[in-house]
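Understanding the architecture of this molecule
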Number of protein chains: 2
Amino acid sequence: MNALHGLTLNGPGRLVETPPDVLAAFATDQGPVLAYAEPRAVVWPTSVQGVQDVMRWAAATGTAVVPRGAGTGVSGGAHATGGCIVLCLDRMNRILELNAQDEVAVVEPGVINADLNAAAAAHGLMYAPDPASYRTSTIGGNVATNAGGLRCAKYGVTRDSVLALDVVLADGSLISTGQRTFKGVAGYDLTGLFTGSEGTLGIIVGITVRLRYLPVAIQTVAAFFTDFSTAAAGVLAVGAARVQPAIMELLDGATLSALDDAHGSSLRSRGNALLLIQTDGFGADAEADVVRRVLAALGGTVSTEGSVEAERLLELRRHSRGDAIAHQFRVGEDVAVPRSALVRYVAELERMAAQHRVNLKVVAHAGDGNLHPTFWVQAADDGGRERLEAALDESITVALSMGGTITGEHGIGQFKLPWLPQEQQAEVLELQRRVKAVFDPVGILNPGKAIPGGEPGEPR
Amino acid sequence: MNALHGLTLNGPGRLVETPPDVLAAFATDQGPVLAYAEPRAVVWPTSVQGVQDVMRWAAATGTAVVPRGAGTGVSGGAHATGGCIVLCLDRMNRILELNAQDEVAVVEPGVINADLNAAAAAHGLMYAPDPASYRTSTIGGNVATNAGGLRCAKYGVTRDSVLALDVVLADGSLISTGQRTFKGVAGYDLTGLFTGSEGTLGIIVGITVRLRYLPVAIQTVAAFFTDFSTAAAGVLAVGAARVQPAIMELLDGATLSALDDAHGSSLRSRGNALLLIQTDGFGADAEADVVRRVLAALGGTVSTEGSVEAERLLELRRHSRGDAIAHQFRVGEDVAVPRSALVRYVAELERMAAQHRVNLKVVAHAGDGNLHPTFWVQAADDGGRERLEAALDESITVALSMGGTITGEHGIGQFKLPWLPQEQQAEVLELQRRVKAVFDPVGILNPGKAIPGGEPGEPR
């Protein structure tokens, strides 16, 4: 039947069978699994009309719909929920338009981030948001989670590159929000409301993004420090020198050790912290000069101009996703704190790790105060998981106490829901529930994600 | 009584009298007046608690509340409506915090844009959004209208600098949205929803903004062209050279003549169009070199390096607001079109002006395709106003047909409401009405503004 693969809607509630291995494969994204449920079916629409057909059928049958791109999210936003169907948008993967003069692209939601960038590069342009998953994640998923990345401090997050959206609502109707122009203030910012709503307000089926100029020059600086505090002070010193780097990554000693283990390098012997900074654009060289001078003055061991190693280190950092290790349990975090709190916060993390007897490593998108601490224990460690959970919980609470947020870029999904009421007051959560009800009165759009309420079986 | 000036809430519905001249002065902002109404009273709270008191009283009495900053808006967003009270926030004008390390400021809504910038400059920082009214308009008003300005193409609009808001809701309760960090994706983007909502969803009483670095260098380039088309082609050529100017203003011949009349200059004799470009930051000099080369290659008469005149021309442009002229009727526009449509659109404007026998001048924030055409006729011109209205209407319709928007930065207010249904489909308008109802179920917050519906006396 029409544009649907894997599902034939030949009568209310009649699903064509999805093979068990497919059901299992599409039951989760890369987030921690809290409550396991396989979907009833997985469907792959290939057109807007196909998505509308699915939503009309879902609305008619009261079936929960979990939208999904490449499934690279790490907060469980695309986990299946009981009785749901998974709506997989990765076959809607056409770049519909790329207009170099207007500096915009119009894409289907399943376009891979890196593919859009490759197409844009042919015109000297780039799509700025660069989550770690950019080689595999979809623009639709990036928009649904308002994904961040390394270049945010200078170029902003996904929201800052999204101009307009086409969205299929819960009842199957199709709307357009925003405008093709860089500026526009007609009506409420529904484009921003859908961005980051994790599929709970509508299914994003078309995205107009603003492109930026590929930088004419790039400079990368690596600076090793004897301690993390001084490296973090380097972040503020670069700011005080009025340099806005495109990338500013901070790695602690344990992360350097982990990189050494994985790649046979000897980074850890060179310092207890590494600051990686990339400047770009017409001022890249001048900015890198200032960065090197500022960091050397703080006592850093700073790479020389045009250092190939600095670039290699940044590539290493960019692609060092924390892969699961069989004999370890680990939890990854995504808090953000005000920049001036970086040092204090990492000191607190170290105290927690010692106190709860868990291992810790920290990387940070330091330019915007976004930290990814990882706690881990050996699988054989008796009581290790409980201590891990205790450290995780404390790390989030302390970030909040410093004026931070529980999620800088990964989203609430299912995983972070328990902590959301610590960050947002009850009135704000209630407002969001009521906004959700405007868009999804029956509660079929990714229930139990992003905001409290609407979990399967929970009274609404 | 407590923190209110001009209003004593000593009983339901009992207003202390506001003097008639004050009622008249606060009946309108700078937008065209469609339906004249004086408020019942003007109140000046000086604290959040004071705003809450007003809203509780308004909710209890069903009184419409029109919030207002400096009243510099040009779309009638702060026009009084029948039976309303005007809630003037300009006495809540304290900068509560300016943290140079975190690069954030926390301000009350009545802080003047230029005052925040002066305070930030002391730390080498700036608040980037710079509407033409920056010397007199308030940050609260800037947020309520999601104000633009000259520097948007590089630094974004107001929304891009707002991190968090404190908002008093229609029932007098106080909520906080967003986060102090540059990144944060917890829950729906309510901060974005309030930004640009023109006081129809809540009263903004506290604003946390991100600050940017004051540029270490600035270069200004002025280029005169014999025709507007070539000047507009210069905008695209600068883009193709991968230079992102901080400012890129395009002025047509009629605007040059108007400047000559006002300032005794002779700009018009030097060309039929002027392109003013400012680059900033560490790459400013190199970028300006490229800009000068690119524009000279197109045949422009380009200012030399470090030209004092170029800077003076930009200052002239920045402060050349279209002051009312007694013997003329004029209408100002605020459409935005995709950058590649600039030339075609201005050609269409010229055709309309000729066809409707009205005068025309055009300035554009060309970097983001945002145009401010002004049509005018002599007051004594019989039938002139009708022809003016016809030209205005056509200019908006044609912008939409080119993929543009009816308002790039001024907002819908009251003035642009009639055209909103041409830009946004009925379903989108209905969604916005329902979102409004979530925040303001009784309809007392700036009724009849920003979105259709809720006009005084209109059934809801």
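What you see is a predicted model; the values in this text were computed from it and never measured.

Rules behind the numbers
Residues numbered from 1 in each chain as written. Chains lettered and ligands numbered in written order. Predicted model: local features only at pLDDT ≥ 70, side-chain atom pairs only at ≥ 80, totals over all residues. Heavy atoms only, no water. Least-squares fit on C-alpha atoms with pLDDT ≥ 70 in both. Contact = heavy atoms within 4.5 Å. Pairing = 2+ DSSP bridges. Helix = DSSP H or I, 4+ residues; strand = E, 2+ residues; numbered from the N terminus. Axes fitted to C-alpha atoms, helices over the stretch in contact; angles between N-to-C directions. Buried area = accessible area lost by both parts, 1.4 Å probe. Salt bridge = Lys/Arg side-chain N within 4 Å of Asp/Glu carboxyl O. Core = buried A, V, L, I, M, F, W, Y, C linked by side-chain atoms within 4.5 Å. Buried < 20%, exposed > 50% of the residue type's maximum accessible area, 1.4 Å probe, protein only. Polar contact = N/O pair within 3.5 Å; in protein donor to acceptor, adjacent residues only side chain to side chain. Phe/Tyr/Trp six-rings, centres within 6.5 Å; stacked < 30°, edge-to-face > 60°. Lys NZ or Arg CZ within 6 Å of the ring centre and 35° of its normal.

1. A few points about the relation of the copies chain A and chain B
Its rotation angle being 180°, the transformation that places chain A on chain B also includes 0.0 Å of axial translation and leaves an RMSD of 0.0 Å. Given the turn and translation reported, the copies of this chain are related as if by a two-fold rotation axis. Residues of chain A ranked by C-alpha distance from the rotation axis are headed by A:Gly283, positioned 1.8 Å from it. Of the residues that chain A buries at the interface, 100% are likewise interface residues in chain B, meaning the two copies contact each other through the same surface.

2. Remarks on the sheet that holds strand E17 (residues 370-378) of chain A
All names here are of chain A. Overall, antiparallel pairing links the 7 strands, which are arranged E14-E11-E13-E12-E16-E17-E15 in an open sheet. Two strands lie at the open edges of the sheet, namely strand E14 (301-302) and strand E15 (328-332), each paired on one side alone. Of the strands in this sheet, strand E11 (218-225), strand E12 (247-252) and strand E13 (273-280) touch helix H7 (residues 228-240), which is tilted by about 170° from E12. Contacts between helix H9 (residues 284-297) and the sheet are confined to E11, E13 and E14, with E11 contributing the most and set at about 5° to the helix.

3. Quick notes on the interface of chain A and chain B
In this complex, chain A contributes 87 residues to the contact, which on the side of chain B involves 87 residues. Between chain A and chain B lies a buried interface of about 6,700 Å² when both sides are counted; carbon and sulfur atoms form 61% of it. For the chain A face of the interface with chain B, the top three residues by lost area are A:Lys183, A:Tyr188 and A:Arg242, together amounting to 15%. At the boundary of chain A and chain B, one finds 6 salt bridges. With a shortest N-O distance of 3.1 Å, A:Glu103 and B:Arg339 are connected by a salt bridge.

4. Some details on the nonpolar core
In terms of nonpolar packing, the biggest core is built from 61 residues, with A:Phe194, A:Phe439, B:Leu116, B:Phe194 and B:Phe439 touching the most fellow members. With residues near it in sequence (within four places) discarded, B:Phe439 still touches A:Leu431, A:Val435, B:Leu169, B:Ala170, B:Leu190, B:Leu193, B:Phe194 and B:Leu201.

5. Concerning the environment of A:His79
Residues and elements named next belong to chain A. Looking at where histidine 79 falls in the secondary structure, it is placed in the loop between strand E2 (65-68) and strand E3 (85-88). Judged by its relative accessible area of 1%, histidine 79 is buried. Here the alpha-carbon distance between histidine 79 and phenylalanine 415, two residues 336 residues apart in the chain, equals 9.9 Å. With near-sequence residues (within four places) excluded, histidine 79 lies in contact with Ala27, Thr28, Asp29, Gly31, Pro32, Val33, Val66, Gln414 and Lys449. Only 3.2 Å separates the side chain of histidine 79 from the backbone nitrogen of aspartate 29, close enough to count as a polar contact.

6. Quick notes on the packing of aromatic side chains
Scanning the entire structure with this criterion turns up 6 aromatic pairs over all chains. Seen in terms of ring centroids, A:Phe194 and A:Phe439 are 5.3 Å apart; in terms of plane orientation they differ by 80°. Their pairing is edge-to-face. With A:Phe194 in helix H6 (residues 190-194) and A:Phe439 in helix H14 (residues 426-439), the pair connects residues that are 245 residues apart, well separated along the chain. Residue classification places A:Phe194 among the buried residues on the basis of a relative accessible area of 1%. Geometry around A:Phe182 places A:Arg210 over its ring, the cationic atom sitting 4.0 Å from the centre. The residue whose ring lies beneath B:Arg385 is B:Phe329, and the NZ or CZ to ring-centre distance is 3.8 Å.

7. Some remarks on the sheet that holds strand E9 (residues 203-210) of chain B
Pairing between the strands of a sheet comes from backbone hydrogen bonds, and it takes one of two forms, parallel or antiparallel. Residue and element names in this part refer to chain B. The antiparallel open sheet is built from 5 strands, whose spatial order is E4-E5-E9-E7-E8. The open sheet has two free edges, formed respectively by strand E4 (95-99) and strand E8 (174-178), since each of these has just one partner strand. Recorded for the sheet is a direction-independent mean angle of 10° between the axes of neighbouring strands. Across 6 bridges, the pairing between strand E7 (residues 162-168) and E9 is antiparallel. Residue pairing for E9: leucine 165 is matched across the bridge by isoleucine 207.

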